[in-house]
Amino acid sequence: MTVKSIDKQYVLNTYNRFDLHLVEGKGSVVKDENGKEYIDLTTGIGVTAFGIADEKWIEAVTSQLTTLQHVSNLYYTTPCAMLAKAICEKTEMSKVFFSNSGAEANECAIKVARKYAQDKGYDRYNILTLNNSFHGRTLATLSATGQAHYHELFNPLPSGFVHADANDIDSVIKVAKENNVCAIMIECVQGEGGVIRLDTDFVKAIYSYAIDNDILFMVDEVQTGNGRTGELYAYMHYGIKPDVFTTAKGLGGGLPIGACVVGQKAQNTLGFGDHGSTYGGNPVACAGALSVFERLDEKLLTEVKAKSEYVFSELSECEGVESVSGMGLMIGIKTKKPVSDVIKECMKNGVLCLSAKDKLRLLPALNIDFEMLKKALEVIKSACE
Ligand SMILES: *Cc1c(COP(=O)(O)O)cnc(C)c1O
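Residues numbered from 1 in each chain as written. Predicted model: local features only at pLDDT ≥ 70, side-chain atom pairs only at ≥ 80, totals over all residues. Heavy atoms only, no water.

What about the side chain of R295?
Here's step 1: Within the element layout of this structure, R295 appears in the loop between α10 (283–293) and α11 (298–316).
Here's step 2: The residues contacting R295, other than those within four sequence positions of it, are F50, D54, K56, W57 and L300. (Helix = DSSP H or I, 4+ residues; strand = E, 2+ residues; numbered from the N terminus. Contact = heavy atoms within 4.5 Å.)

The structure is reproduced here in structure tokens:
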């Protein structure tokens, strides 16, 4: 039996996988079982920020792995403390709760929001999220996700989530007023929703509304975070500072980690026993994440911005492309051909791409070199035409 057929038989069929069995890689190149190479513009859905088998990450992870792989949150460990310190110092936030995924990071943020309102004596528990958002696959984060097609088969979902329209200030304020909301949660660029960047005026307006009304302003940076958009976190493009942000994907460099990062206002909302995780803050995952986070400096962010401009300008001029959206190296491409055909054609010609709704989505490694990016864009452009 081939790996493909074993997988089909024994793994729950929740993913309609591409017909591709990957076995190894280095940097932005991955190889399949037949030795064919592909330029990887997917990074495991925005995870391997510095590519496959990144040397610094391997060193950080293996040295921790052979020293102390796990002890639980009942004890202090160095990587957990040092990663939390690094994140707080860079963002001027106050405290971090570590989990194992983006959805879990959002679960923590939801608990912070509910308890914050309760501590204040407010009669508020609803969390406002935007239509077309994506916040995860656990039941609560599914409820938070503003896309009905994710909900339909799993009712009843947890209550306490309300949705308003993105880029429509009046809609957000109306829904907030009618529902006694305790928090507003947004993605600055709606990733799974089609790589759609929220308008600056909109984000600033709902931010002010939230701050004025002591509603927690929370940003889901699971996909947009950790340098992906050309700033350390995407909210930094908007000149705002959230009360809470969550992140995951690119932070771990390939090991599972999530972080719920809390600012001054809600730093003491969760206390002893209010939340927990067996694996959260695991030393190996944290050591790897620290080696990623420490390298997200100005030089790298400047490179991300330069590569982004290059991709935008190359693709905007392409015959087969209707429009290009996104920020940094989180890029959505509305193609004239059906996106699934474009992805197949690219794969045939040695380039791996993602989709998001009806768009082609690119999430290359932040350190992909220009030559390789150029080569991949040639393949994409000819697949689009
Ligand atoms: C991927 C994603 C999540 C869910 O992250 P998991 O690690 O898969 O649980 C949540 N929010 C956003 C914006 C995402 O892109």
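Section: the domain arrangement of the protein chain
Here's step 1: Domain boundaries in the protein chain define domain 1 (3–54 + 298–384) and domain 2 (57–293).
Here's step 2: The gap between the C-alpha centroids of domain 1 and domain 2 is 26 Å.
Here's step 3: At the junction of the two partners, domain 1 supplies 27 residues and domain 2 supplies 29 residues.
Here's step 4: For the pair domain 1 and domain 2, the two sides together bury roughly 2300 Å², of which 60% comes from carbon and sulfur.
Here's step 5: Among the residues domain 1 hides against domain 2, the three largest losses belong to M327, M330 and K357. Together they make up 30% of the total.
Here's step 6: Linking domain 1 to domain 2 there are two salt bridges.
Here's step 7: Inspection of the region where domain 1 meets domain 2 yields 13 residue pairs in polar contact (both at pLDDT 80 or more). (Domains from an automatic or database assignment. Buried area = accessible area lost by both parts, 1.4 Å probe. Salt bridge = Lys/Arg side-chain N within 4 Å of Asp/Glu carboxyl O. Polar contact = N/O pair within 3.5 Å; in protein donor to acceptor, adjacent residues only side chain to side chain.)

What about unusual backbone geometry?
Here's step 1: The amide bond that connects N155 to the next residue, P156, takes the cis arrangement and shows omega of 0 degrees.
Here's step 2: Here P156 is to be found in the loop between α7 (148–151) and β6 (161–164).
Here's step 3: One non-glycine residue, I45, lies in positive phi territory at about 60 degrees.
Here's step 4: For I45, the location among the structural elements is in helix α2 (residues 43–46).
Here's step 5: The backbone of N167 sits at a positive phi, close to 60 degrees, despite the residue not being glycine.
Here's step 6: Tracing the sequence through the fold places N167 in the loop between β6 and α8 (169–179).

Concerning the sheet that holds strand β4 (residues 95–99)
Here's step 1: Reading across from one edge, β4-β12-β11-β10-β7-β5-β6 is the order of the seven strands in this open sheet, with mixed pairing throughout. One side of each edge strand has no neighbouring strand; the edge strands of this open sheet are β4 and β6. On average, each strand axis in the sheet is tilted by 20 degrees relative to the strand beside it, whichever way the strands run.
Here's step 2: The pairing of strand β5 (residues 126–130) with strand β7 (residues 181–186) spans four bridges and is parallel. (Pairing = 2+ DSSP bridges. Axes fitted to C-alpha atoms, helices over the stretch in contact; angles between N-to-C directions.)

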